[in-house]
Amino acid sequence: MKPETTCVHAAKSTANKSHTTGAVAVPIFQTATFAHPGFGQSTGYDYSRTQNPTVEHCEAVVAALEGGAGGAAFATGMAAIAAVMELFRPGDEIIATDDLYGGSIRLFNNITVKNGIAIKYIDTSDLAAVKAAITPATKAIFIETPTNPMMKLTDIAAVKKLIGERDILLISDNTFLTPYLFNPLAHGADVVIHSGTKYLSGHNDTLAGFVVAKTSELAEKIHIVKKTTGAVLSPFDAFLVTRGIKTLAIRMEKSQSNARKIAEWLKSQHRITAVHYPEMGAMLSFTTDTVETAQDILNKVELILYAESLGGVETLITYPATQTHSEVPEAERLSRGIDEKLLRLSVGIEAAPDIINDLERSML
Ligand SMILES: *Cc1c(COP(=O)(O)O)cnc(C)c1O
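These figures come from a predicted structure and were not determined experimentally. (Residues numbered from 1 in each chain as written. Predicted model: local features only at pLDDT ≥ 70, side-chain atom pairs only at ≥ 80, totals over all residues. Heavy atoms only, no water.)

**Q** Any chance you could explain the overall build of the protein here in plain terms?
**A** Counting its regular elements, the protein contains 14 helices and 12 strands. On C-alpha atoms alone, the protein measures out to a radius of gyration of 21 Å, which is about the 21 Å that the 2.2 N^0.38 rule sets for 364 residues. Judged by the C-alpha coordinates and their principal axes, the protein covers about 75 × 50 × 35 Å. Counting all 364 residues of the protein, 53% fall into the buried class. For the protein, the share of sequence-separated contacts (at least 6 apart) that also reach a separation of at least 24 residues comes to 69%. Of the roughly 15,400 Å² that the protein leaves accessible, carbon and sulfur atoms contribute 55%. (Helix = DSSP H or I, 4+ residues; strand = E, 2+ residues; numbered from the N terminus. Rg over C-alpha atoms; globule rule 2.2 N^0.38 Å. Buried < 20%, exposed > 50% of the residue type's maximum accessible area, 1.4 Å probe, protein only. Contact = heavy atoms within 4.5 Å. Areas by Shrake-Rupley, 256 points an atom, 1.4 Å probe, with all protein chains shown as cover.)

**Q** In this structure, what is going on with the sheet that holds strand β9 (residues 283-288)? I would like to understand it.
**A** Within a sheet, each strand pairs with its neighbour through backbone hydrogen bonds, oriented either parallel or antiparallel. With mixed pairing, the 5 strands of this open sheet are ordered in space as β8-β9-β12-β11-β10. Looking along the sheet, the strands with just one partner apiece sit at the ends: β8 (272-276) and β10 (305-306). Of the pairings in the sheet, the one linking β9 to strand β12 (residues 342-346) comprises 5 bridges and is antiparallel in character. Across the sheet, the residue bridging to S285 is R344, located in β12. Sitting on the sheet, helix α11 (residues 248-267) is in contact with β8, β9 and β12, with an inclination near 10° to β9. (Pairing = 2+ DSSP bridges. Axes fitted to C-alpha atoms, helices over the stretch in contact; angles between N-to-C directions.)

**Q** Before we go on, may I ask you to explain the sheet that holds strand β6 (residues 191-195) in this structure?
**A** Spatially, the 7 strands line up as an open sheet ordered β1-β7-β6-β5-β4-β2-β3, and their pairing is mixed. The outermost strands of the open sheet, each flanked by one partner alone, are β1 (70-74) and β3 (118-122). Each strand axis lies, on average, 20° off the axis of its neighbour in the sheet, ignoring direction. Sheet topology places strand β4 (residues 138-144) next to strand β5 (residues 169-173); 5 bridges connect them, and they run parallel. Paired with I141 across the strands is L170, a residue of β5. Against the sheet, helix α5 (residues 102-112) engages β2 (93-97), β3 and β4, with an angle of about 150° to β3. Along the sheet, helix α7 (residues 156-163) contacts β4 and β5; its crossing angle with β5, the most-contacted strand, is approximately 165°.

**Q** When you look at the pattern of salt bridges in this model, what are you seeing that I'm missing?
**A** For side chains bearing opposite charge, pairing can occur when the charged atoms are close. Summed over all chains, the structure comprises 11 salt bridges. The closest approach of N and O atoms between K267 and E264, which form a salt bridge, is 3.3 Å. In this pair, K267 and E264 are both assigned in helix α11, 3 residues apart and thus about one turn of the helix distant. Owing to a relative accessible area of 48%, E264 belongs among the partly exposed residues under this scheme. Here D296 and K300 are joined by a salt bridge, their closest N and O atoms 3.1 Å apart. One end of the pair, D296, and the other, K300, are both in helix α12 (residues 291-300), 4 residues apart, so they sit about a helical turn from each other. Here D296 falls in the partly exposed class, since its relative accessible area comes to 29%. (Salt bridge = Lys/Arg side-chain N within 4 Å of Asp/Glu carboxyl O.)

Following this line, the structure appears as structure tokens:
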């Protein structure tokens, strides 16, 4: 099945197993608990922290799209990443992309490290650097590609080759490209993470997170962390994500084609000194000639919304220096090019000329 078909039809079978009405949309099982038919019996559902049909349906859709053995849904993307970190023990080392989502850096530096796990940040797009960073204590390589906000790419298949037979989990945060454009598991990753808040739900109306594992053993480990720590996705939010995914393919096509046009247009503007766009997806960042120009754009945009987050139908503009990356130490932030002249755009599905007009007007 092609991904656009999977988006629409993926988990029909799993949802229809539990009910027989023929409902085309997945029903919302808004229940905390499930009654047992008799002593020692279970319907397969006991308590919604452990399993819920609406949530399972959504997990199956995301797992099918990523080609994994199983998926787990969480309340947010950060809850999903925190759950994956529970797979490690004191003394373990994790190598991570240095240009990560700010929230992941906050989690690693404040919580993961406190649990005795060392994090080594490196430029994972540099394979020699990855090779040099691997030690006998390395238990995982955590990759974000393209990175946020500098859009650097890491070759997951090449990193997998470097790992070889070592017992190192290759984890990829695939929020930016989505399973419609890229499948990390097919390139050698063991675990894929999503902030479902972004493209999967796609409408800036819900928070969600997903972990998809390549093997069922790994999926079971994540499931145990999920039911034990409890940051699960609610049935209603699972319904919204499943509904959002039905249009993932057409939203990605439209926002990607808009992003290509906007990147081209930005390159021709005298006030723009650099455009970072990896030629795929719908995220881009750009550098303005002065700090004033950057702040002017934020003040003057009307159609484009000055807001954190990404991946929805609305075009959003963010200021990484004070928003997503405000907690990254200044020297580190500046060394990566995340300065006061950098703006990040999550391109939506509006008409490209309308988005361009709004940017042009704000740059005057
Ligand atoms: C937003 C985001 C997260 C965190 O997800 P939340 O749903 O906001 O908790 C993690 N990784 C990336 C790449 C993100 O963009």
